[in-house]
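# Topology and contacts: notes
Residue-level listing of the chains:
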Amino acid sequence: MRLKKAALLCTSLMLTFALAACSGGSGSTENAGGSGNGNAAAESGNAGGGAATNEPAAANNAGGNAAGNAEEDLGTPEMDFDMGGRTIKVVSWWDMAIPEDNPDNIQKKKNLDELMKKHNFKIEYVAIDYGEYQQKVVASLLAGEPIGDIVRLGKTYSIPTLVKQDLLWPIDEYTKNTKVFNQKVTSEFMQYEGRGYGFTESQSNLITGIYYNRTLMNQLGMKPLQDYVNEDNWNWDTFIQVAKEANKDTNNDGKLDTWGLAQGGLMDQSLYSNEASLTLGDKQNLEDPKTVEAFDFLSRIATEKVARPTEGGDWTEPGQFFRQGNTLMYAGAGYEVSGLKTDMKDYDIGFVPFPKGPSATAYHSGEALFQALTIPKKVENPDQLLYIWEKINDIDSIYDYPDQASLESNFTNEDDIQNSRTAADGMLVLDHNTFPKLPYYDIIGELTAGNSVSTVINKFKAPVQAAIDEVYKK
């Protein structure tokens, strides 16, 4: 799949030699939540339980270029107001200034310049180091002196905690334009008691799934992983079967020298791939049948010795195992593809969604440290800020779908691109990181040690509920 309007775009460039001439109204994605932006990474945590890059996450897959009619887009009518020279501060853990690096962004920047003149305001982008971000931003909100007018916040520490303290504006009444605003972010991912508190113009989702070594797969004479996807037979059972098949002693020295899976302990993947969760609002969810199935799967990976044994490394160890070229599969995130391909030039790297659990209705990716833009309650005229954000981003994109440019630059195989899009389309947000005292790693430890699922649930359901109560009942 190539960029729509590509031929027209090139012709326009040749005729005018001006990038601006081909920007004519474009719609871009900022990757806001967690899926395509390396800078957003840290908030995402990781795709498989490590440090990560939240490339903006979230989204209905309407795509940044959805044409839509006026009724569908619900665009805000033109507003006339003067902001009196006010400086709008946009705060994130990366510089969110619009780069003029493609026609979409060129048009956004042009829109911004026109809006600044019309409504008499300036804009300042403030980047704060991720390591100190949460502490600084939350402290400013609690002090009644917000560090910015539009502030990126992690869901884990803003909902319900900051919302319950009346520190954020509900903004859902201002984000009706489906062409611009990602509706899932406001109406689902960043919602509390029926109101939406977060927004983004990014239509991208965090992509997570399984990277696999096609070269090794072929050397081992294995059935192509893509065949399982094509047959709609890529599930937990076939996943374990494939991993075991790749656990081989190829030189007959009595020791395994190829492995099927780079890591165990895949709690988040087990949950989102079965549409399960550890928590549900203000209640523990360990006894839900879907969660029980996820625990069974996690336990099975460990007790059946499916994954490559750890050698005592840190959270980067699975990625290093995969890079050695002797491990077939690695559970990772979309932002890792460039580094993997750079480090594994001699190997053909493919991507499939994480396999479906028995209760899943579709393939999914998962985000356990979701984040989005918010407006502090102390900030005046949130309607005007959202109007400006909408009009900046109300463009006709040259792209056919979110993250098209990055996917087509990183993958040459159409199956890998489609698999990435499929995983992104089904992104789910997990909320267990909202609760600081939830014994997440203790649960994993007990399950992977071989303790029965029922025993683990009985042991931890009360502590999990207590961790939830600590947050919700403050």
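Under an unreviewed UniProt entry, the name given to the protein chain is Extracellular solute-binding protein, and the source organism is Paenibacillus xanthanilyticus.

Spatial ordering of the open sheet is given by S7-S10-S6-S11, a layout of four strands whose pairing is mixed. The sheet terminates laterally at strand S7 (259–261) and strand S11 (349–352), the two strands that pair on one side only. In this sheet, neighbouring strand axes are inclined to one another by 25 degrees on average, regardless of whether the strands run parallel or antiparallel. Pairing analysis gives four bridges linking strand S6 (residues 208–213) to S11, with the strands arranged antiparallel. Looking across to S11, one finds that tyrosine 211 is bridged to phenylalanine 351.

A separate point is the sheet that holds strand S3 (residues 150–154). Strands sit in the order S2-S1-S3-S13 across an open sheet of four strands; the sheet is mixed. Every other strand in the sheet has two partners, leaving strand S2 (121–127) and strand S13 (371–374) as the edge strands with one partner each. Here the strands of the sheet are splayed against their neighbours by 25 degrees on average, with no regard to which way each runs. Sheet analysis places strand S1 (residues 86–92) next to S3, joined by two bridges and oriented parallel.

The next thing to look at is the side chain of serine 270. Turning to its location among the elements, serine 270 is positioned in helix H12 (residues 267–272). With sequence-adjacent residues up to four places away left out, serine 270 is seen in contact with Trp236, Ala294, Phe297 and Leu298.

Before going further, it helps to spend a moment on helix H13 (residues 289–303). For H13, with 15 residues, the first-to-last C-alpha span of 21 Å sits near the 21 Å given by 1.5 Å per residue. Of the positions making up H13, those classed as buried are Thr291, Ala294, Phe295, Phe297, Leu298, Ser299 and Ile301. On its buried side, H13 packs onto helix H11 (236–246), S7, H12, helix H19 (440–448) and helix H20 (453–472). Two to three positions downstream of the cap, the backbone nitrogen of lysine 290 sits 2.8 Å from a side-chain oxygen, assigning the N-cap of H13 to aspartate 288. Among the residues trailing H13, lysine 305 stands out with phi positive, at a value near 50 degrees.

If you walk through the whole model with that rule in mind, you get 24 salt bridges. The residue aspartate 394 makes a salt bridge to lysine 179 at a minimum N-O spacing of 3.6 Å. Placement of the pair is aspartate 394 in the loop between helix H16 (382–393) and helix H17 (404–410) and lysine 179 in the loop between helix H7 (161–164) and helix H8 (183–189), with a sequence separation of 215 residues. The exposure class of aspartate 394 is partly exposed, given its relative accessible area of 27%. Using a relative accessible area of 13% as the deciding quantity, one classes lysine 179 as buried. For lysine 290, the salt bridge is made with glutamate 275, and the minimal N-O distance between the two is 3.7 Å.

Definitions and limits used
Residues numbered from 1 in each chain as written. Predicted model: local features only at pLDDT ≥ 70, side-chain atom pairs only at ≥ 80, totals over all residues. Heavy atoms only, no water. Pairing = 2+ DSSP bridges. Helix = DSSP H or I, 4+ residues; strand = E, 2+ residues; numbered from the N terminus. Axes fitted to C-alpha atoms, helices over the stretch in contact; angles between N-to-C directions. Contact = heavy atoms within 4.5 Å. Expected span 1.5 Å × (residues − 1). Buried < 20%, exposed > 50% of the residue type's maximum accessible area, 1.4 Å probe, protein only. Polar contact = N/O pair within 3.5 Å; in protein donor to acceptor, adjacent residues only side chain to side chain. Salt bridge = Lys/Arg side-chain N within 4 Å of Asp/Glu carboxyl O.

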